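Chain residues, written in single-letter form:
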Amino acid sequence: MNELEKLQDIIFIVLGVDVKVKSRKRRNVDAKRIFSKILRDKGYTLIDISKFLNNHHTTVMFYLKNFDFLLVLFPDIEKAYNKCLNNFLVKKETTIYNYSYQWISPFKEISNEI
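Analysis parameters
- Residues numbered from 1 in each chain as written.
- Predicted model: local features only at pLDDT ≥ 70, side-chain atom pairs only at ≥ 80, totals over all residues.
- Heavy atoms only, no water.
- Helix = DSSP H or I, 4+ residues; strand = E, 2+ residues; numbered from the N terminus.
- Buried < 20%, exposed > 50% of the residue type's maximum accessible area, 1.4 Å probe, protein only.
- Contact = heavy atoms within 4.5 Å.
- Areas by Shrake-Rupley, 256 points an atom, 1.4 Å probe, with all protein chains shown as cover.
- Phe/Tyr/Trp six-rings, centres within 6.5 Å; stacked < 30°, edge-to-face > 60°.
- Lys NZ or Arg CZ within 6 Å of the ring centre and 35° of its normal.
- Core = buried A, V, L, I, M, F, W, Y, C linked by side-chain atoms within 4.5 Å.

A. Just the overall build of the protein chain, in detail. Within the protein chain, the secondary structure is distributed over 7 helices and 0 strands. Reading the protein chain from its N end, one meets helices and strands in the order α-α-α-α-α-α-α. Per-residue burial for the protein chain yields a buried fraction of 38% across its 114 residues. Here the contacts in the protein chain between residues at least 6 apart in sequence split such that 59% fall between residues at least 24 apart. Put simply, the protein chain shows about 7400 Å² of open surface, and 55% of that area lies on carbon and sulfur atoms.

B. Geometry of the packing of aromatic side chains. Following the criterion strictly, the structure yields 2 aromatic pairs and no others. Their ring planes at 70° and their centres at 5.2 Å tell us that F67 and Y81 sit as a pair that is edge-to-face. Highlighted residues: F67 in helix α5 (residues 67-73) and Y81 in helix α6 (residues 75-89), separated in sequence by 14 residues. Summarising the burial analysis for this pair, F67 and Y81 share the class buried. Here K20 stacks its cationic end above the ring of F52, 4.2 Å away from the centre of that ring.

C. Seen up close, unusual backbone geometry. For N54, which is not glycine, the phi torsion reads 60° and is therefore positive. Positionally, N54 belongs in the loop between α3 (46-53) and α4 (57-65).

D. A look at the nonpolar core. Core analysis: the largest hydrophobic core is formed by 30 residues, its most contacted members being I11, L15, I34, F35, L39 and L53. Secondary-structure elements contributing two or more residues to this core are α1 (3-15), α2 (26-42), α3, α4, α5 and α6. Contact partners of I11, with chain neighbours within four places excluded, come to G16, V17, V19, A31, I34, F35 and C84.

Written out as structure tokens, the structure is:
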């Protein structure tokens, strides 16, 4: 199992999302953002990441563009990212505990006020 597959499995266990599935749902896109960020920081090229995800390299650039801002804006994404990153950096095979990821729309509060 290479590092890309290892991270794919970690994200599936932690978030319950397969990063190779084509979907525009927020949960799936956030998982792909986390996947891309971890691998890019590890030194993988945009082409390597995009080939694994079956996307264009500019899609991966889009995932990474506002990632740090999203970590500040959505604490759940930050928790999920840290959980995936910590499990990915562990060299030994360890048990990965499931993390409950819940995305709350920032627009829900706005729509209630209208």
